[in-house]
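Per-entry structural report
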Amino acid sequence: MRLLLGLTVLFLSVPAYAERTLTILVGMDKPPYIQLQDSTGFELELLREVSKRMGFDAVFLHVPNARIRYLLEQGHGDVATLQRYAEQPTELFYSLPYVRYQNAVISLREKELVIQHPQDMQRLNVVAFQSAKTVLGDEFGDMAHSSSRYQETTNQKTQVDLLLAGRIDAAVMDINIFHYFRRVSDDSQPIQLHTLFPPSDYRAAFREQTLQQDFDKALQQLFAQPDYHRMQLEFFGSVNQYQLLAPNHP
């Protein structure tokens, strides 16, 4: 009886995540970061490796980006990905940055466009990723709201196809996503990158501080080891300059 009572107390004292699975709320299909068809991609593989180093098996729950944090706050899942650091007080605990997106304006070199500021796109046919006008700064948002030639899409392959076919003047998107779909299209037209935007570093959010601390430790270990570069080679084709987050990144 004492043994049974002891085991009962032990079971009740173990956190819910001690089942050794970590349910991670992640976004939808976005190669080369997230590839739903085979549940792979740079972001998923990085999160799998970090989870493994924490002692967990990663289980991914794919939801729209706008619902990721909300679902975590409602008690669904253990980790919310793709989060900006919250300046305001919050009950969530935020990791170090684990992934970086580098958005740019991309045009065909043959068009010889000079784009140094968002307003330079005012009269151009531009297709951007969904919600770009709300996340790329006020100046870009003002241009997007006032231009009759600006569009947004959830289909980023469409952005690349339209650009390479010469049907639009510029695509606004992450550089790695562009190069992925360009390789799929087997197109080698010279392009021009107009890097108007700073890199966007994203963190993971947790309800449990212990999980966040363990995540950071495992993440820093991964950044310092060859596996990190191996994943970049696998999904980006090179040791990617846009993903070189350092072990001691603030």
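Residues numbered from 1 in each chain as written. Predicted model: local features only at pLDDT ≥ 70, side-chain atom pairs only at ≥ 80, totals over all residues. Heavy atoms only, no water.

Things to note about the overall build of the protein
When helices and strands are tallied, the protein shows nine helices and 11 strands. The buried share of the protein, taken over its 250 residues, is 47%. Within the protein, counting contacts between residues at least 6 apart in sequence, those at least 24 apart form 71% of the total. (Helix = DSSP H or I, 4+ residues; strand = E, 2+ residues; numbered from the N terminus. Buried < 20%, exposed > 50% of the residue type's maximum accessible area, 1.4 Å probe, protein only. Contact = heavy atoms within 4.5 Å.)

What to know about the side chain of N176
Within the element layout of this structure, N176 appears in helix α7 (residues 175–185). Given a relative accessible area of 4%, N176 falls into the buried group. A polar contact is formed between the side chain of N176 and the side chain of Y33, at a distance of 3.0 Å. (Polar contact = N/O pair within 3.5 Å; in protein donor to acceptor, adjacent residues only side chain to side chain.)

As for the nonpolar core
Counting 46 residues, the largest nonpolar core has F42, L46, Y98 and F215 as its most contacted members. Listed in part, the 16 residues of the second largest apolar core include F140, M143, Y150 and F197. (Core = buried A, V, L, I, M, F, W, Y, C linked by side-chain atoms within 4.5 Å.)

What about the pairing of strand β9 (residues 170–174)?
Taking burial as the measure, the five residues of β9 include five buried ones, the bulk of the element. Relative to β9, strand β6 (residues 103–108) runs antiparallel, the two sharing four bridges. Note on β9: the bridge partner recorded for N103 is D174. With three bridges connecting them, strand β7 (residues 126–129) and β9 associate as parallel partners. The partner of A128 across the bridge, within β9, is V172. (Pairing = 2+ DSSP bridges.)

Topic: the layout of surface pockets
Approximately 930 Å³ is the volume attributed to the largest pocket. Lining of the largest pocket is provided by 30 residues; of these, K30, N65, F129, Q130 and S131 occupy positions nearest its centre. Secondary-structure elements contributing two or more residues to the lining of the largest pocket are α3 (65–73), β3 (79–83), α4 (132–135), α6 (156–164), β9, α7 and β11 (200–206). Among the residues forming the lining of the largest pocket, the class breakdown is 13 nonpolar, 12 polar and five charged. (1 Å grid on protein atoms, 1.4 Å probe; cavity = no way out; pocket = protein on both sides within 12 Å on 5 of 7 lines; lining within 4 Å. Points joined across faces, edges and corners; volume = space filled by probe spheres on them. Nonpolar A, V, L, I, M, F, W, Y, C, P; charged D, E, K, R; others polar.)

Quick look at helix α9 (residues 226–236)
Residues of α9 that are buried: Y228, M231, Q232, F235 and F236. The buried residues of α9 occupy an angular sector of 100° when projected down its axis, which confines them to one face. Looking at the buried side of α9, the elements it contacts are α2 (42–54), α7 and α8 (209–223). Among the residues trailing α9, G237 stands out with phi positive, at a value near 85°. (Arc of directions from axis to C-beta.)

Structural notes on the environment of V172
In this structure, V172 sits in strand β9. When residues no more than four places from it in sequence are discounted, the contact partners of V172 are A104, V105, M121, V126, V127, A128, F129, L136, F140, Q159 and F197.

Brief notes about the environment of D138
Mapped onto the elements of the fold, D138 is located in helix α5 (residues 138–146). The exposure class of D138 is exposed, given its relative accessible area of 69%.

Topic: the sheet that holds β6
The sheet built from five strands is open, its strands ordered β8-β7-β9-β6-β10 with mixed pairing. Edge positions in the open sheet fall to β8 (150–153) and β10 (191–194), since each of these has one partner strand only. Strand-to-strand, the axes of this sheet are offset by a mean angle of 25°, without reference to chain direction. Alignment of β7 against β8, held across four bridges, turns out to be parallel. Across the sheet, A128 pairs through a bridge with E152, a residue of β8. Sitting on the sheet, α6 touches β6, β7, β8 and β9, and the angle it makes with β9 is about 145°. Against the sheet, α7 contacts β6, β9 and β10, and its axis sits at roughly 110° relative to β9. (Axes fitted to C-alpha atoms, helices over the stretch in contact; angles between N-to-C directions.)

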